[in-house]
Amino acid sequence: MATMAGAKSGPAYSERFYAAASFAGFDGSPNSNNIGSRFSNDVAFILYALYQQATIGPCNVPQPSSWSHVEQSKWKSWQQLGNMVPTEAMRLFVKILEEEEPGWYSRASNSVSEPVVDVQMNHNSNVEPTIESRNSFTETKTVSAESGRLEETKDKDVVSEGLGSIVVYDKWILPPISGRRPKARYQHGAAVVQDKMYIYGGNHNGRYLGDLHVLDLRSWTWSKVDAKSVDLSSPVNMVPCAGHSLIPWENKLLSIAGHTKDPSETIQVKAFDLQSDTWSMLNTHGNAPVSRGGQSVTLVGNTLVIFGGQDAKRTVLNDLHILNLETMSWDKIDAVGVPPLPRADHAAVVHAERYLLIFGGSSHATCFNDLHVFDLQAMEWSRPTQQGEIPTPRAGHAGVTVGENWFIVGGGDNKSGASETVVLNMSTLAWSVVASVEERVPLASEGLSLVVGSFDGEDILIAFGGYNGYYNNEVNVLKPSHKSTLQSKMMETPVPDSVSAIHNATNPTRDLESEFEVGHEGKIREIVMDNIDTGHQKLEGDETTERIIATLKAEKEELEVSLNKEKSQSLQLKQELVESKTQNTDLHKELQSIRGQLAAEQSRCFKLEVDIAELRQKLLSMETLRKELELLQRQKAASEQAALNAKQGQGSGRVWGWLADDIMKFSYKSEGNLIGPVPYPQLPGPESRSVQETHGACSVLALLSLQHTGSYHYPRTGIWLATGPRTQLRILVSTTAQCHQKVLD
């Protein structure tokens, strides 16, 4: 491991172990006689077993024949460590001693001086080693770049000389970094390929970035990649983006989706060739999703699963799509069940190549801490019950898996950053807290990245960047301990059925016997280490061993019973599956028959509708004809009546025409006296008018005065025309046969 200039060479890790062994009294030093008095019996036996394992190896000596309780306990403790490697035994020895005697190294009589290291830390902190009596032990003190005052952080176990000297697990450290660091950013993409961490894009002060940097995890040196474009006319590498996902695939890095200044209509997929250092745009087929950022992209086999995000119109989404990397074709998943609420900046991971887990995220101002599971085989959403210390609501966090454990780092709730690093056991769905930091440090940021690297054969978590009021470009490293990765397994409380059902469905016929065999040698070590770490159980050597063996036997019996039940359930499920397939086939045939009948009925209905339309048209025509017939009938009746009236008029016209022609004179009679003849047509009165009265077949035409009372007599015909005081006209018709009288108003 490369160190910075000015650093002196320090002792190897094995020398630290021997210093610890000398301090504890396991090397024949004067402290040897004080082992029993300085430590409890179980701690002394474990330290003895670890020392033997580190210096000699696995226990191959026969069990002592003496009945000494101490000798029997020492041998059993050593034998229970099985095939633990010496370096692990050294690490555990030093760790236990530090927990029992925190200041042992500074008080050791023959300890080796730690190096004084001039370490270049990240942009806002410096590390100063604390020296006591020429013997230094690392106590991290952070100098704030803003105030300049000295602040002691929570992470005191930071070793400034490089990762090779880390002896404390589950603590975030700042490794010594060389080279030119990338610009501070968040919402970038990160991926690890062959001991190199690549950082691409991101957001800084509202500006999208398009640069590509690489951190060599062996030398911890930054360098910028001078990327080129395959198509010079379309410089793909010059399109800055943020909120995208960076996925390693074969010898390429795939950049999926993300926010850009000029967003496209659909998701774009770019590929960076790690051999030629060139960018290219990949052509996809099918129904591509709308462009977005803040989505989750999970690699499952040769398929990418995309969920949620926020589009260019700031609409949060909860749709689910897959991209087949072999055919480069898109497909939208039509799932059943209740999906998660629309969200972005969440975390997603796949478990057992079948279950997609979604945690947290935000919908504008609302942050979530719910957990959703999508079954990629049944295409069904579910929301199981979470166990343990459930994290607070957050968005912008990052997550990676180590085995069956899902580590979540960072994030925030629009008020403050999440300071705790949590882990979820995906088999039991139980949460636990691994480490905590201050709220204002870069790890308590939104939009940071988290990847898994490897150092000395062990997994390490590497976090970079983020935003918590300030943009960061720090690199932080955490080495998860055996306890943090197995803590959920050692829970004494039973797991509810709603949780264990997911794990059982993952592999109903999982080999529990092989699980027992793999963990048989490590189970004793795990239980013993857990007892040492927690310090809750202090048992004598023999009692501890007997209880451990009894526990393992009982657990083995339970696992065997569970295995038999699982196999029986598996067979039953297979039979039900065969029956379901048969029923499905029959139902499919019946469905096809019904579809044929339905098509025939639809055709017949269509013909009936055509006939009905034609009949309606005919009815409309008949109604029109009926109205025309009624009109003609009325016209005919009117014509007949007019003809009849005309005929009757001709008969009466001859009589009254003769009457009118022969009137020559009137005799004017007033008050009974006849006043001489009045010449026609001079009648008295200024308001003379013509009146035609119809009575039967007779018409009378007379000129009369309405102002006088009198009568008008025509002697030849015997007609008297008389008027009364109320303007009534009396018509007197005298013939040889009869006389008619008509009063007109």
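Conventions adopted
- In this numbering scheme, every chain counts its residues from 1 along its sequence in written order.
- Whole-chain, interface and lining totals are the exception, using all residues; otherwise, since this is a predicted model, local features are given only for residues with pLDDT of at least 70 and side-chain atom pairs are given and counted only at 80 or more.
- Computation of side-chain values: all heavy atoms of the structure, hydrogens and water removed.
- Counting from the N terminus, the helices are the DSSP runs of H or I reaching at least four residues and the strands are the DSSP runs of E reaching at least two.
- Accessibility here uses a 1.4 Å probe with only protein chains present; expressed as a share of the type maximum, an area under 20% marks a residue as buried, one over 50% as exposed, and anything in between as partly exposed.
- Throughout, a residue-residue contact means that at least one pair of heavy atoms, one from each residue, lies within 4.5 Å.
- Throughout, the Shrake-Rupley method with a 1.4 Å probe supplies accessible areas, and for residues the shown protein chains are the sole cover considered.
- On a range of 0 to 100, pLDDT expresses the predictor's confidence in each residue.
- For Phe, Tyr and Trp, where Trp contributes only its six-membered ring, two rings pair if their centres lie within 6.5 Å, and the inter-plane angle classes them as stacked under 30 degrees, edge-to-face over 60, or tilted in between.
- Over a ring means this: the NZ of a Lys or the CZ of an Arg is within 6 Å of the ring centre and within 35 degrees of the ring normal.
- Should DSSP find at least two bridges between two strands, the strands are taken to pair.
- Here an angle of 0 to 180 degrees is reported between the N-to-C directions of two axes, which are lines fitted to C-alpha atoms, with helices fitted over the stretch in contact.

Let us now look at the overall build of the protein chain. Within the protein chain, the regular secondary structure consists of ten helices and 41 strands. Expressed as a percentage of its 745 residues, the buried residues of the protein chain come to 45%. Restricting the contact set of the protein chain to residue pairs at least 6 apart, pairs at least 24 apart contribute 54%. Only carbon and sulfur atoms are counted for the fraction: they give 51% of the accessible area of the protein chain, which is about 39800 Å².

This next bit is on the confidence of the model for the protein chain. On average, the protein chain scores 74 in pLDDT, and the residues at 70 or more come to 65%. Every residue in residues 109–161 scores below 50 in pLDDT, and together they form 121 contacts with partners more than four places removed in sequence or on other chains.

This next bit is on the packing of aromatic side chains. Any pair of aromatic rings gets described here by the distance separating the centres and the angle formed by the planes. Evaluation of the coordinates by the stated rule reveals 13 aromatic pairs. Through pairs of rings, three or more aromatic residues link up here, namely Phe 17, Tyr 18, Tyr 51 and Phe 93. The aromatic ring of Tyr 169 is capped on one face by Arg 91, whose charged end is 3.8 Å from the ring centroid. Above the plane of the ring of Phe 368 lies Arg 343, whose end atom (NZ or CZ) is 4.2 Å from the centre.

Further remarks concern unusual backbone geometry. For residues that are not glycine, phi is negative in most cases, and the peptide bond is trans in most cases. A positive phi angle is found at Arg 314, which is not glycine, with a value near 65°. Inspection of the secondary structure puts Arg 314 in the loop between strand 17 (303–310) and strand 18 (316–324).

Two orientations exist for strands paired in a sheet by backbone hydrogen bonds: parallel and antiparallel. Spatially, five strands are ordered 15-19-18-17-16 in an open sheet, and the strand pairing comes out mixed. Where the open sheet ends on each side, the last strands, each with one partner, are strand 15 (285–286) and strand 16 (296–300). The pairing of strand 16 with strand 17 spans five bridges and is antiparallel. Bridging across to strand 17, Leu 299 finds its partner in Leu 304.

In spatial order, the strands read 20-21-24-25; together these four strands make up an open sheet with antiparallel pairing. Each end of this open sheet is capped by a strand with a single partner; those strands are strand 20 (347–351) and strand 25 (380–382). On average, adjacent strands in this sheet sit at an angle of 20° to one another, irrespective of strand direction. Bridge count for strand 24 (residues 371–375) against strand 25 is three bridges, and the pairing is antiparallel. From the neighbouring strand, Phe 374 faces strand 25, where its bridge partner is Trp 381.

Let us now look at the environment of Arg 314. We classify Arg 314 as exposed; its relative accessible area is 55%. Between the C-alpha atoms of Arg 314 and Ser 363, which are 49 residues apart in sequence, the distance is 9.9 Å.

Taken across its five residues, strand 13 (residues 269–273) has five buried, putting it largely inside the fold. Burial of strand 13 is two-sided: the residues Val 269, Ala 271 and Asp 273 facing one way and the residues Lys 270 and Phe 272 facing the other way are all buried. Here five bridges tie strand 12 (residues 252–256) to strand 13, and the two strands are oriented antiparallel to one another. Its bridge partner lying in strand 13, Lys 252 is registered against Asp 273.

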